[in-house]
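Structure assessment
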Amino acid sequence: MKLAVIDYGAGNLTSVRKAFAAIGVDTMTPGSPADLGVYDGIVIPGVGHFHATASLDDGWREAILERVTAGVPLLGICLGMQMLFEGSDEAPGVPGLGLVAGRCERIRTSRPLKVPHVGWNSISVPVTSAVLTGVESGTYVYFTHSYAAPVTSDTAAVTTHGKSFAAVVERSNVAGVQFHPEKSGAAGLQILRNFAAMVRR
């Protein structure tokens, strides 16, 4: 199994690689869009501002979409999950991949809740999901973000901070997690195992 971790200058690549290594999965970082053709799975990590995703030019976006269309599993982490959507109000001129319908919006809360949403929070798992196999509703995972995706028919888990938003999305061979599985202990590693299992199928 060859797993690609995309580097667009805003990812927490080291911790993601270490987390996959902890479950016995090796990862590599492709140097060009043409290199994606040899990979069995793709991970898009990320932290920070949605504008950072603009550094993935049309060549990268087309290559990612081509592989996903061919059935290659894709996992987006935090900012990488937001990139799966059509776009974000954080950077209105930067398009997402459009693999999941909807746009990300700033989290709205009232005191004493603060934005950004940072720390451990529980997820509600209302539907069966391949990427959440073995992860129970009520499990706590680690978040750090100011923008979030809407709850839609592709939402596999929900978290509430002021209002509910999508914590996990899954659609066919595409999955995304708003939190950081690489910082979420045993539950996070289980999610990475589940994604690896999707890649192996």
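See the structure printed just above.
Notes on the structure in this doc start here. What you are looking at is a predicted structure, and each value in this text was computed from that prediction instead of being measured. (Residues numbered from 1 in each chain as written. Predicted model: local features only at pLDDT ≥ 70, side-chain atom pairs only at ≥ 80, totals over all residues. Heavy atoms only, no water.)

Comments concerning the overall build of the protein chain
Each helix and strand in the protein chain was counted, giving 4 helices and 12 strands. Dimensions of the protein chain along its principal axes, counting C-alpha atoms only, are 50 × 40 × 30 Å. Burial analysis of the protein chain (201 residues in total) assigns 54% to the buried set. Sequence-distant contacts, at least 24 apart, represent 69% of the contacts inside the protein chain between residues at least 6 apart. (Helix = DSSP H or I, 4+ residues; strand = E, 2+ residues; numbered from the N terminus. Buried < 20%, exposed > 50% of the residue type's maximum accessible area, 1.4 Å probe, protein only. Contact = heavy atoms within 4.5 Å.)

Side note on the sheet that holds strand 10 (residues 155-161)
In space, the 7 strands of this open sheet follow the order 2-1-3-4-12-11-10, with mixed pairing throughout. Pairing within the sheet leaves two strands with one partner each, and these edge strands are strand 2 (27-28) and strand 10. (Pairing = 2+ DSSP bridges.)

Comments concerning the packing of aromatic side chains
With the rule as written, the count across this model stands at 3 aromatic pairs. Here the aromatic rings of tryptophan 120 and tyrosine 142 are separated by 5.8 Å at their centres, their planes lie at 70°, and the arrangement is edge-to-face. On the criterion of sequence distance, the pair formed by tryptophan 120 in strand 7 (residues 117-122) and tyrosine 142 in strand 8 (residues 140-145) is long-range, its members being 22 residues apart. On the basis of relative accessible area, tryptophan 120 is assigned to the partly exposed category, the value being 49%. Through a chain of ring-to-ring contacts, three or more aromatic side chains come together here, namely Phe143, Phe165 and Phe179. The ring of tyrosine 39 has lysine 2 lying over it, and the distance from NZ or CZ to the ring centre is 5.3 Å. (Phe/Tyr/Trp six-rings, centres within 6.5 Å; stacked < 30°, edge-to-face > 60°. Lys NZ or Arg CZ within 6 Å of the ring centre and 35° of its normal.)

Overview of the nonpolar core
In terms of nonpolar packing, the biggest core is built from 35 residues, with Phe20, Val43, Ile123, Leu132, Val168, Phe179 and Phe195 touching the most fellow members. Sorting the residues of this core by element identifies strand 1 (3-5), helix 1 (13-22), strand 4 (74-77), strand 8, strand 10, strand 11 (163-171), strand 12 (174-177) and helix 4 (185-200) as the ones contributing at least two each. Top contributing element to this core by residue count: helix 4, with 6 residues. In this view, phenylalanine 179 contacts Ile77, Cys78, Ile123, Val141, Tyr142, Phe143, Ala167, Val168, Ser184 and Ile191; residues no more than four positions away in its chain are not counted. Counting residues in hydrophobic clusters, the runner-up holds 31 residues, among them Ile64, Val72, Leu79 and Ala91. (Core = buried A, V, L, I, M, F, W, Y, C linked by side-chain atoms within 4.5 Å.)

Quick look at the pairing of strand 6 (residues 103-106)
Sheet analysis places strand 5 (residues 87-88) next to strand 6, joined by 2 bridges and oriented parallel. Paired with serine 88 across the two strands is cysteine 104, which belongs to strand 6. As paired elements, strand 6 and strand 9 (residues 147-148) share 2 bridges and run antiparallel to each other. Each bridged residue has a counterpart across the sheet, and for glutamate 105 the counterpart in strand 9 is alanine 148.

Topic: the pattern of salt bridges
Enumeration according to the criterion identifies 1 salt bridge in this entry. Residue arginine 103 is joined to aspartate 89 by a salt bridge in which the shortest nitrogen-to-oxygen separation is 3.4 Å. Note that arginine 103 is positioned in strand 6 and aspartate 89 in the loop between strand 5 and strand 6, a separation of 14 residues in sequence. (Salt bridge = Lys/Arg side-chain N within 4 Å of Asp/Glu carboxyl O.)

Description of the environment of alanine 196
Position of alanine 196 relative to the elements: it lies in helix 4. Taking C-alpha positions, alanine 196 is 8.7 Å from methionine 1, a pair spaced 195 residues apart along the chain. Those residues in contact with alanine 196, other than ones at most four positions away along the chain, are Met1 and Val25.

Remarks on a negative patch on the surface
On the surface, a cluster of negative charge is contributed by Asp57, Asp58, Glu62 and Glu66. The topology assignment puts glutamate 62 in helix 2 (residues 58-69). (Patch = residues over 30% accessible without salt bridge, like charges linked within 9 Å, V, L, I, M, F, W, Y side chains within 5 Å. Areas by Shrake-Rupley, 256 points an atom, 1.4 Å probe, with all protein chains shown as cover. Lys, Arg positive; Asp, Glu negative; His and termini not counted. Charge placed at Lys NZ, Arg CZ, Asp CG, Glu CD.)

What about the sheet that holds strand 6?
What the 3 strands build is an open sheet, ordered 5-6-9; its pairing is mixed. Both outer strands of the open sheet, strand 5 and strand 9, are each paired with one neighbouring strand and no more.

Some details on the side chain of threonine 139
Topologically, threonine 139 is positioned in the loop between strand 7 and strand 8. Accessibility expressed as a relative area gives 18% for threonine 139, which makes it buried. A polar atom in the side chain of threonine 139 sits 2.7 Å from the backbone oxygen of glutamate 136. Once you skip the residues sitting within four places of it in the chain, threonine 139 turns out to touch Asn121, Ser122, Ile123 and Ala187. (Polar contact = N/O pair within 3.5 Å; in protein donor to acceptor, adjacent residues only side chain to side chain.)

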